[in-house]
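An overview of the molecular structure
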Amino acid sequence: MTEQHRFDERIAQEIAIEAQDWMPDEYRKTLIRQIGQHAHSEIVGMLPEGNWLTRAPSLKRKAILLAKVQDEAGHGLYLYSAAETLGCAREDIYQKMLDGKMKYSSIFNYPTLNWADIGVIGWLVDGAAIVNQVALCRTSYGPYARAMVKICKEESFHQRQGFEACMVLAQGSDEQRQMLQDAINRFWWPALMMFGPNDDNSPNSAQSLAWKIKRFGNDELRQRFVDNTVPQVEMLGMTVPDNDLRFNEATGHYEFGEIDWEEFNEVIAGRGLCNEERLAAKRKAWEEGAWVREAALAYASKSIA
Ligand code: ACO
């Protein structure tokens, strides 16, 4: 039996592929791309929320937000470690992100303009991330799947704290309700874009599904998110900014309008509202953190000696 046959059989039988196992070069490359981009998303995703740490409306909200932002850093670290098991160097993929040669999620290129944005990010953005990541708990590469299990538990806390913050605003003054609706209006469509292009325009999906890296197509997961979330919007007494949204009794699913794919393509090409600001912040942090890395290396070399 060839190595390729053994690999195919493991995939067919749902036996996880581990770091020491033989795998096709393209499988390894696809995983480094996806896990790397996922890690970058966690780290860049700290920025829009970090922006509100000093302006959270109470000590309780500040403590929750601080914990959430720190969790995102942890998620990035698990994911960089999972990527490293595939033989890439963390510094290399990080540098590619800083150079704009590797992507991170489009959603983090939108600004956080008011406090309601923070609630809505927890609820909608982490909510969308969970739908995608629960499916990835069964991805075929063992280290990625295992990282996802812990990440999903934390994302679930993030989603709930976000929804709870939104519930407080929904029960507040007219001004607070308006602020919440405004945040929903700005984040609804970008949250739907997190699932990627339609399946017909997704160059990586067919192969990733065959290798069981992805367990569902982009459209199926997006539909799941819409079906889960529309009732929550209604529960808050808010509306979805989509005139084409309607529940189809026959299918049991919501039908929704067309995503602005031009906007999506612009954002992933680096021309979104905050792309430049986000990368500039990460480059600055990398440069200003050089002395920490040097000190840690010097300490480690003395500890070994
Ligand atoms: N933002 C930025 N880039 C995107 C997005 C998005 N929302 N959706 C798709 N893309 C990119 C893909 O990375 C791919 O680019 P590349 O080939 O240059 O790498 C291209 O658009 C075409 O898309 P697909 O062929 O559909 O790509 P893929 O099969 O990788 O599917 C998806 C995209 C669904 C995002 C997948 O990579 C995935 O599940 N990733 C893991 C989850 C993740 O990264 N989540 C990040 C946000 S969650 C959070 O951090 C809180």
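Right above here is the structure, for reference.
Structural notes, computed from the coordinates. Please read these numbers as outputs of a predicted model, since none were measured by experiment.

This brings us to the site of the ligand. Contacts to the ligand come from 28 residues, most closely from Gln37, Lys103, Ser106, Ser202 and Lys214. At a separation of 2.9 Å, an oxygen atom of the ligand approaches a polar side-chain atom of Asn218. Contact with the protein chains hides 89% of the accessible area of the ligand, taken as 950 Å² for the molecule alone. Only helix H2 (25-44), helix H6 (115-136), helix H7 (142-170) and helix H11 (261-271) provide two or more residues apiece to the shell around the ligand. Top contributing element to the shell around the ligand by residue count: H2, with six residues. A per-class count over the shell around the ligand returns twelve nonpolar, eleven polar and five charged.

Turning next to the pattern of salt bridges. Within the structure shown, the criterion is met by 20 salt bridges. With a closest N to O distance of 2.8 Å, Arg146 and Glu18 form a salt bridge. Note that Arg146 is positioned in helix H7 and Glu18 in the loop between helix H1 (3-12) and H2, a separation of 128 residues in sequence. Residues Glu84 and Arg90 are paired through a salt bridge, measuring 3.2 Å at the closest nitrogen-oxygen approach. The exposure class of Arg90 is partly exposed, given its relative accessible area of 25%. Each of Glu49, Lys68, Glu72 and Asp126 takes part in one network of salt bridges that share partners.

On to the nonpolar core. Grouped together as the largest cluster of nonpolar side chains are 78 residues, with contacts concentrated most on Tyr27, Ile35, Val120, Trp123, Tyr141 and Trp188. Counting residues per element, this core draws most heavily on H6, which supplies twelve residues. When sequence neighbours within four positions are dropped, the list of residues in contact with Trp188 reads Leu124, Val226, Thr229, Val230, Val233, Val240 and Pro241.

This part takes up unusual backbone geometry. Residue Glu14 is not a glycine yet carries a positive backbone phi of 60°. Secondary-structure assignment places Glu14 in the loop between H1 and H2. With phi around 60°, Lys212 is a residue other than glycine that occupies positive phi space. Position of Lys212 relative to the elements: it lies in the loop between helix H9 (205-210) and helix H10 (218-235).

What counts as what
Residues numbered from 1 in each chain as written. Predicted model: local features only at pLDDT ≥ 70, side-chain atom pairs only at ≥ 80, totals over all residues. Heavy atoms only, no water. Near = heavy atom within 4 Å. Polar contact = N/O pair within 3.5 Å; in protein donor to acceptor, adjacent residues only side chain to side chain. Areas by Shrake-Rupley, 256 points an atom, 1.4 Å probe, with all protein chains shown as cover. Helix = DSSP H or I, 4+ residues; strand = E, 2+ residues; numbered from the N terminus. Nonpolar A, V, L, I, M, F, W, Y, C, P; charged D, E, K, R; others polar. Salt bridge = Lys/Arg side-chain N within 4 Å of Asp/Glu carboxyl O. Buried < 20%, exposed > 50% of the residue type's maximum accessible area, 1.4 Å probe, protein only. Core = buried A, V, L, I, M, F, W, Y, C linked by side-chain atoms within 4.5 Å. Contact = heavy atoms within 4.5 Å.

By themselves these figures say nothing about function.
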